[in-house]
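# Survey of secondary and tertiary structure
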Amino acid sequence: MSDKLIIFDTTLRDGEQSPGASMTRDEKLRIARQLERLKVDVIEAGFAASSNGDFEAIKAIAHAIKDSTVCSLSRANDRDITLAADAVQGANRARIHTFIATSPVHMEKKLRMTPEQVLEQAKQAVRFARNRVADIEFSAEDAYRSEEDFLCRVIEAVIKEGATTINVPDTVGYAIPELYGNFIKRLRERVPNSDQAIWSVHCHNDLGMAVANSLAGVKIGGARQVECTINGLGERAGNCSLEEVVMAVRTRRDYFDLDVGIDTTQILAASRMVSQTTGFVVQPNKAIVGANAFAHASGIHQDGMMKARDTYEIMRAEDVGWTANKIVLGKLSGRNAFKQRLAELGVLMESEVDVNLTFAKFKELADRKSEIFDEDILALVSEENVAQSHDQFGFVSLSQHSETGEMPQATVVMTIGGKEVTATANGNGPVDASLKAIEANVKSGAEMVLYSVNAISGSTESQGEVTVRLQSNGRIVNGVGADPDIVVASAKAYLSALNKLQSQAERVAAQG
Ligand code: KIV
Ligand code: ZN
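Bear in mind the structure is a predicted one, so any value in this text is a computation, not a measurement. (Residues numbered from 1 in each chain as written. Chains lettered and ligands numbered in written order. Predicted model: local features only at pLDDT ≥ 70, side-chain atom pairs only at ≥ 80, totals over all residues. Heavy atoms only, no water.)

Okay, the site of ligand 1 next. Around ligand 1 sit 12 residues, and of these Arg 13, Asp 14, Thr 171, His 202 and His 204 come closest. His 202 is positioned such that a nitrogen or oxygen atom in its side chain is 3.1 Å from an oxygen atom of ligand 1. Summarising the interface, the protein chains cover 100% of the accessible area of ligand 1, which totals 260 Å² for the free molecule. Those elements that place two or more of their residues in the shell around ligand 1 are β5 (94–101), β6 (135–141) and β7 (165–170). Residues belonging to the shell around ligand 1 are distributed by class as follows: 2 nonpolar, 7 polar and 3 charged. (Near = heavy atom within 4 Å. Polar contact = N/O pair within 3.5 Å; in protein donor to acceptor, adjacent residues only side chain to side chain. Areas by Shrake-Rupley, 256 points an atom, 1.4 Å probe, with all protein chains shown as cover. Helix = DSSP H or I, 4+ residues; strand = E, 2+ residues; numbered from the N terminus. Nonpolar A, V, L, I, M, F, W, Y, C, P; charged D, E, K, R; others polar.)

The protein atoms that coordinate the zinc ion (ligand 2) are Asp 14 (OD), His 202 (NE2) and His 204 (NE2), at distances spanning 2.0 to 2.1 Å. Each donor residue of the zinc ion (ligand 2) lies on one chain, and together they are spaced D-x187-H-x1-H. With a gap of 190 residues between them, Asp 14 in the loop between β2 (6–9) and α1 (25–37) and His 204 in the loop between β8 (198–203) and α8 (210–219) connect regions that are remote in the sequence. This pair shows no difference in class: Asp 14 is buried, exactly as His 204 is. (Donors = N, O, S within 2.8 Å, 3.2 Å for Na, K, Ca; no water. Buried < 20%, exposed > 50% of the residue type's maximum accessible area, 1.4 Å probe, protein only.)

What follows is about the packing of helix α16 (residues 430–442) against helix α17 (residues 486–503). Direction vectors running N to C along α16 and α17 enclose 35 degrees, while the axes themselves pass 9 Å from each other. Of the two elements, α16 crosses α17, and the hand of that crossing is right-handed. For the pair formed by α16 and α17, the contact residues are Pro 430, Val 431, Ser 434, Leu 435, Ile 438, Glu 439 and Val 442 on the first element and Val 487, Ser 490, Ala 491, Tyr 494, Leu 495 and Leu 498 on the second. Its residues assigned to classes, the contact of α16 with α17 comprises 10 nonpolar, 2 polar and 1 charged. (Axes fitted to C-alpha atoms, helices over the stretch in contact; angles between N-to-C directions. Left-handed = near helix turned anticlockwise from the far one by under 90°. Contact = heavy atoms within 4.5 Å.)

Reading across from one edge, β11-β12-β13 is the order of the 3 strands in this open sheet, with antiparallel pairing throughout. Unpaired on one side and paired on the other, β11 (393–401) and β13 (419–426) mark the two borders of the sheet. The sheet shows a mean angle of 15 degrees between the axes of neighbouring strands, taken without regard to direction. As defined by bridge partners, β11 adjoins strand β12 (residues 409–416) across 8 bridges and the pair is classed as antiparallel. Each bridged residue has a counterpart across the sheet, and for Ser 399 the counterpart in β12 is Thr 411. Packed onto the sheet, α16 meets β11, β12 and β13 and runs at close to 40 degrees relative to β12. Lying on the sheet, α17 is in contact with β11 and β12; it crosses β11 at an angle near 150 degrees. (Pairing = 2+ DSSP bridges.)

Geometric values such as these leave the question of function open.
Set out below in structure tokens:
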């Protein structure tokens, strides 16, 4: 009989730590609902002590999610653990994930603690957490660079205190698959009570090996939980990608002999939702969810595919949610059909006013674009969300003129705190001119560190989706905007980023 591999998704916590990927409560809730449809076993919803916003988001997720376990991260201290416990209280299944660093460099230079102090704090944290919640995960941060004897002592002690899952992170992405797999194996062999906990892997992708390392931790080491994120989102080079690890275990069941409970047909929808919400675009050649992942372009491949699919195809595109772009709604669709489609896409709007507002935007879009796809609706909803929760700056209208040999000029009408203002500017292109006009009104002084345009549904009739990343006073935010006119999409993305810069509260770094 094969074992079950637990899929622990940390898109909303470790993924969100990626600069610019921070999400609002409503955005997190929408993604959590999609993760539940995907049937992930555990949703790490955030880090309750990092900000009031994150605390509220975890609380909302704990109440909304019925099937998956809802988890909050916490450092190994009473205050963090209390906040984590309060945030997940009320969940059908609740988990506290507490961590402390165990590597010499982290203990000496970051924590300024001796190994004995770290050991005591780890025990005390698990004991304290156990009073509130039965399901306790303990992570030894930077475990892979920790001294093995010491790590074994810490793990044995926290299992004695009641930790039910032991996570062994490769925090800095330094591991090599075979070495990491054997490391987990040795730890499990050396810790006397290792059989009383589930072992978990958590790998970062700095050397591009997060998925390979996680799989080695499972196959060689015997870990039965993998921590991962949608699209591999995460700080620096990201985390282990959920879709890759799940499809590897599914496709090579002959080798892994493990069950995963994931509904793989929901993978693509989750990928698109995360990318549209955070503005982190998926590269076209990304495995499983990239636009080219199932495109067999070369003549030899196409010929083979026409003769028999399995000549070149190891997975079926439909199994991970790829279908031919479906036209879902049009100009004549009514409010009820629209509301139903929103529900099918997992978008639950809290008030009828919100539904009406989004429906009005949908009608405007349908007047300009004959075919409306799911991606268009999701883009509309993201925009609506941004507009509701960060409303300092609003888009009203834009006109621009560009002609070969002439300096482009744009006039933008926008609102600042509800008051309408207009500005005109020149630029080296219509986008540049429009953003300069906005900046003339806002005077943010923010530096643009990324600008990218993506066609939402492939053809030139598609909406353009623009991501703008701004940096100001050490903070980085992403803004996303969509419109059939890419200049307007750019202006919306820029305004959305400015709104985030205005409202983003200071957060405590999980690994600072
Ligand atoms: O990478 C890491 O070590 C972490 C821990 C907090 C689990 O994210
Ligand atoms: Zn991590």
